[in-house]
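Fold and contact review
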Amino acid sequence: MTISPFVALFKPTGSAKLSRGTLGYVCARARQRAYDLLVSEFRKSGLSQADLASRLGKAPELICRWLNRPSNLELDTLSATVFAINGGVLTFGVSHPVRNRIEVSLPPPDIKLAQNSAKTGSSYVRELLVA
Amino acid sequence: MYVSPEIMAVITPPFADTVDGERMGEFRAWLEPFILGGELSVAENPDNKPPETMLARVHPVEKEFWAIRVTDPDTTPGVRSFGAFSAKDEFVALTWEKREVIDENFDEEVETAIEAWTAYFDPENPYQGNNLNDYLTICRAV
């Protein structure tokens, strides 16, 4: 078993080009958060997809796609949709990944878990933590 | 959420300045709703799910295995990660592969994940619920 600190994203410095992977992660993470917000507001509203589609003047199929997975919604689209759901307006904030998280790694498969249980053996399994 | 070392190796920053790096960054981001209790669209029927489903049960259903369906970047076929629940809201991701590599061999990929589970947890079986709410506190059935 090994313990290592959470490997955070590096803070950009100087003029070095950021990697495609780093930017991909950062953008995907933001899309996930936006999706989370959208679906959770929609769920709380009790609104139907058809009603939301009508309020926005959009096809119900489009609303269904927005609610089924994160997508790269334009800021205007996200703003309008949240307002159409419940009259809410978006607010913004910035967070920075922290480094003081702990991960515990999984042993090789030939090392049997002491209690033969996924649950009780969880301390052996690498836990993924998010900043 | 728990992930195997094979998965941890590819979802840990830094991510490369390549299309593959971007795909692994996306992969990482798609796992985060499992950790944060975020929203997930989930399909229980392996044979009837919208293409944008984020988590879907796979055959054989009785084995209780699921595929995380990373469908971004949309310029690529995406990534699939296979695993099972060890408890409610506790998913164990064991294997992963690019969708274009899996191609027609989806069942074999599932079998690999089942074997990985056995290697780690035998004789314990994956968690089994009666409905989606037994698996996830927050989810959107599709």
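For the structure, check the block above.
Everything numeric in this text was worked out from a predicted model, so none of it was measured. (Residues numbered from 1 in each chain as written. Chains lettered and ligands numbered in written order. Predicted model: local features only at pLDDT ≥ 70, side-chain atom pairs only at ≥ 80, totals over all residues. Heavy atoms only, no water.)

Digging into the overall build of chain B
A tally of regular secondary structure across chain B gives 5 helices and 7 strands. Put simply, chain B runs from its N terminus to its C terminus through helices and strands in the order β-α-α-β-β-β-β-β-α-α-α-β. Here the C-alpha atoms of chain B give a radius of gyration of 14 Å, agreeing with the 14 Å that 2.2 N^0.38 yields for 142 residues. Seen along its three principal axes, the alpha-carbon backbone of chain B occupies a region of about 45 × 30 × 30 Å. (Helix = DSSP H or I, 4+ residues; strand = E, 2+ residues; numbered from the N terminus. Rg over C-alpha atoms; globule rule 2.2 N^0.38 Å.)

Side note on the overall build of chain A
Each helix and strand in chain A was counted, giving 4 helices and 2 strands. Reading the secondary structure of chain A in the N-to-C direction produces β-α-α-α-α-β. Look at the contacts in chain A between residues 6 or more apart in sequence, and 63% of them connect residues 24 or more apart. In the form shown here, chain A has an accessible surface area of approximately 7,800 Å², with 57% of it arising from carbon and sulfur atoms. (Contact = heavy atoms within 4.5 Å. Areas by Shrake-Rupley, 256 points an atom, 1.4 Å probe, with all protein chains shown as cover.)

A closer look at the side chain of B:K98
Residues and elements named next belong to chain B. Assignment of secondary structure puts K98 in strand β6 (residues 90-98). There is a polar contact of 2.9 Å between the side chain of K98 and the side chain of D20. Contact partners of K98, with chain neighbours within four places excluded, come to D20, R23, G78 and V79. (Polar contact = N/O pair within 3.5 Å; in protein donor to acceptor, adjacent residues only side chain to side chain.)

Structural notes on the nonpolar core
Residues and elements named next belong to chain B. In this structure, L55 and F91 are the most contacted members of the largest nonpolar core, which totals 46 residues. Ignoring sequence-local partners within four residues, the contact set of F91 consists of M1, Y2, F34, L55, W66, I68, G83, A84 and F85. Counting residues in each nonpolar core, the second largest holds 16 residues, with F82, V110, A113 and A116 among its members. (Core = buried A, V, L, I, M, F, W, Y, C linked by side-chain atoms within 4.5 Å. Buried < 20%, exposed > 50% of the residue type's maximum accessible area, 1.4 Å probe, protein only.)

Observations concerning the state of the cysteines
Counted under the stated rule, the structure contains 0 disulfides over all chains. Free cysteine: A:C64, not disulfide-bonded; nearest cysteine sulfur from B:C139 at 15 Å. When its relative accessible area of 26% is taken as the criterion, A:C64 is described as partly exposed. (Disulfide = S-S within 2.5 Å.)

Focus on helix α1 (residues 20-45) of chain A
Between its first and last C-alpha, α1(A) extends 37 Å over 26 residues, near the 38 Å set by a 1.5 Å rise per residue. Two residues or fewer past α1(A), A:G46 is found with a positive phi of approximately 75°. (Expected span 1.5 Å × (residues − 1).)

Overview of the environment of B:R69
All names here are of chain B. Topologically, R69 is positioned in strand β4 (residues 66-70). C-alpha of R69 to C-alpha of A93: the two residues are 24 residues apart in sequence and 12 Å apart in space. Not counting the four nearest positions on each side in its chain, R69 is found in contact with W30, K49, P50, P51, E52, T53, M54, A56, V79 and R80.

Some thoughts on the pattern of salt bridges
Throughout the structure, instances matching the rule amount to 14 salt bridges over all chains. Note that A:R29 is salt-bridged to B:E32, the shortest N-O span being 3.9 Å. On the criterion of chain membership, the pair formed by A:R29 in helix α1 and B:E32 in helix α2 (residues 19-36) is interchain, its members lying in two chains. By relative accessible area, which is 0% here, B:E32 ends up buried. In this structure, B:E64 and B:R57 form a salt bridge, with 3.2 Å as the shortest nitrogen-oxygen distance. In this structure, a network of salt bridges that share partners links the residues A:R29, A:R33, B:R28 and B:E32. (Salt bridge = Lys/Arg side-chain N within 4 Å of Asp/Glu carboxyl O.)

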